[in-house]
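# Understanding the architecture of this molecule
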Amino acid sequence: MYTILIADDESEIVELLQLYLEKEYNILQAQNGNEALKLMQNNTVDLAILDIMMPGMDGLQLLKRIRENDYFPVLFLSAKSQHHDKILGLELGADDYISKPFNPLEIVARVGSMLRRVHQFDAPAVQEKKKEQIVLGRLTLDRSSCQVHVAGEPVALTSTEYKILELLMEQPGRVFTRKKIYETVWEDFYVYEDNSIMVHISNIRDKIERDSKKPEYLKTIRGLGYKIEAPVEK
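So, here is what we can say about the structure in this document. Everything numeric here is computed off the predicted structure, so don't read it as measured data.

## A few points about the overall build of the protein chain
Scanning the protein chain from N- to C-terminus turns up nine helices and 12 strands. In the protein chain, which comprises 234 residues, the proportion classed as buried is 40%. Long-range pairs, those at least 24 residues apart, make up 52% of the contacts in the protein chain with a sequence separation of at least 6. Counting only carbon and sulfur atoms, one obtains 49% of the accessible surface of the protein chain, whose full area is about 13,100 Å².

In structure tokens:
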């Protein structure tokens, strides 16, 4: 399930879009650019719907920050009078825009089209633009060196452990089934249940967690699989 970030200071619009999109996508909500930026730092976003006019950091400023590192599709919401901002948004790297007021079903259709275009037709280009580093809390995974650091200290992972951790860290918060993990990491059909994945998960926890029996990052979702997410700072 893809994750969509909706950033708009009008809560009614955010709630309306969530109502129409939440059946097919994970939804993250923000009321301004600063909130949206924080959400992106802790979550993998597949598409963003941004209002141009927001307090603090507006949509155009936020888009500049996004395009420094990320290339997921961005759909702008704008008032009909904001023609200049629409053009500027496209020049800065937005993929599309729609004027307010809008038909929510048109948003749903455009979101689906944009995601299909990226993940089906432009997949090789997206792969080339993957971040070399993934940072999640105290964890840093460096693709160029195939190394993982915890609070700046390197940890020694096997190739299989590294691949599992990379898969999970690419999409924080997403639950991966054992079948999905096996078929992605081992590149083979998942035929039967054994303990291999559980053992690798246990080994990874021993290396990245403060207390492997009380994991902060790598969580078991009983009956489903595993997910990784940054712990909530207290």
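That was the structure; now back to the text.
## Some thoughts on helix H8 (residues 178–185)
The set of residues buried in H8 consists of Ile-181, Tyr-182 and Val-185. For H8, the buried positions fall inside an angular range of 95° around the axis, keeping them on one side. Where H8 is buried, its residues meet helix H7 (159–170), strand S10 (176–177), helix H9 (196–208) and strand S12 (225–228). Once H8 ends, the next one or two residues include Glu-187, with phi positive near 55°.

## Considerations on the sheet that holds strand S5 (residues 96–100)
Here five strands make up an open sheet; going across it, the order is S2-S1-S3-S4-S5 and the pairing parallel. Both edges of this open sheet fall to strand S2 (26–30) and S5, since each of them pairs with a single strand only. Taking each pair of neighbouring strands and ignoring which way they run, the sheet shows an average axis angle of 20°. When strand S4 (residues 74–79) meets S5, the two strands line up parallel, connected through five bridges. Of the residues in S5, the one forming a bridge with Phe-76 is Tyr-97. In this fold helix H1 (residues 11–21) packs onto strand S1 (3–7), S2, strand S3 (47–51), S4 and S5, with an angle of close to 175° to the strand it touches most, S2.

## A short note on the pairing of S12
Here S12 shows a buried face lined by Gly-225 and Lys-227 and a second buried face lined by Tyr-226 and Ile-228. The pairing of S10 with S12 spans two bridges and is classified as antiparallel. Bridged to Phe-176 within S12 is Tyr-226. For strand S11 (residues 218–221) and S12, the ladder comprises four bridges, and the chain directions are antiparallel. Following the sheet pairing, Leu-218 is matched in S12 by Ile-228. What sits between the antiparallel neighbours S11 and S12 is a turn of three residues, in which Gly-223 has the positive phi angle 80°.

## Comments concerning the nonpolar core
Proteins that are soluble and globular tend to have nonpolar side chains buried together. Leu-165, Met-169, Ile-181 and Ile-228 are the most contacted members of the largest nonpolar core, which has 24 residues in total. Those elements giving two or more residues to this core turn out to be strand S6 (133–136), strand S7 (139–142), strand S8 (147–150), H7, H8, H9 and S12. Sort the elements by how many residues they give to this core and H7 lands first, with six residues. Here Leu-165 is in contact with Leu-141, Val-148, Leu-157, Ile-204, Ile-208 and Ile-228, once residues within four sequence places are set aside. By size, the runner-up hydrophobic cluster in this structure holds 21 residues, among which are Ala-7, Leu-28, Leu-37 and Met-57.

## Quick look at the side chain of Lys-100
You can see Lys-100 is positioned in strand S5. When its relative accessible area of 16% is taken as the criterion, Lys-100 is described as buried. Looking at Lys-100, its side chain comes within polar contact range of the side chain of Asp-8, at 3.1 Å. Reaching out from Lys-100, the side chain makes a polar contact with the side chain of Asp-51 at a distance of 3.2 Å.

## Considering the sheet that holds S12
Pairing in this open sheet of three strands is antiparallel, and the strands run S10-S12-S11 from one edge to the other. The two strands at the open ends of the sheet, each matched to only one other strand, are S10 and S11. Its contacts with the sheet put H7 on S10, S11 and S12, and the angle it makes with S12 is roughly 70°. Relative to S11, H9 is tilted by about 145°, and along the sheet it contacts S11 and S12.

Quick notes on the rules
Residues numbered from 1 in each chain as written. Predicted model: local features only at pLDDT ≥ 70, side-chain atom pairs only at ≥ 80, totals over all residues. Heavy atoms only, no water. Helix = DSSP H or I, 4+ residues; strand = E, 2+ residues; numbered from the N terminus. Buried < 20%, exposed > 50% of the residue type's maximum accessible area, 1.4 Å probe, protein only. Contact = heavy atoms within 4.5 Å. Areas by Shrake-Rupley, 256 points an atom, 1.4 Å probe, with all protein chains shown as cover. Arc of directions from axis to C-beta. Pairing = 2+ DSSP bridges. Axes fitted to C-alpha atoms, helices over the stretch in contact; angles between N-to-C directions. Core = buried A, V, L, I, M, F, W, Y, C linked by side-chain atoms within 4.5 Å. Polar contact = N/O pair within 3.5 Å; in protein donor to acceptor, adjacent residues only side chain to side chain.

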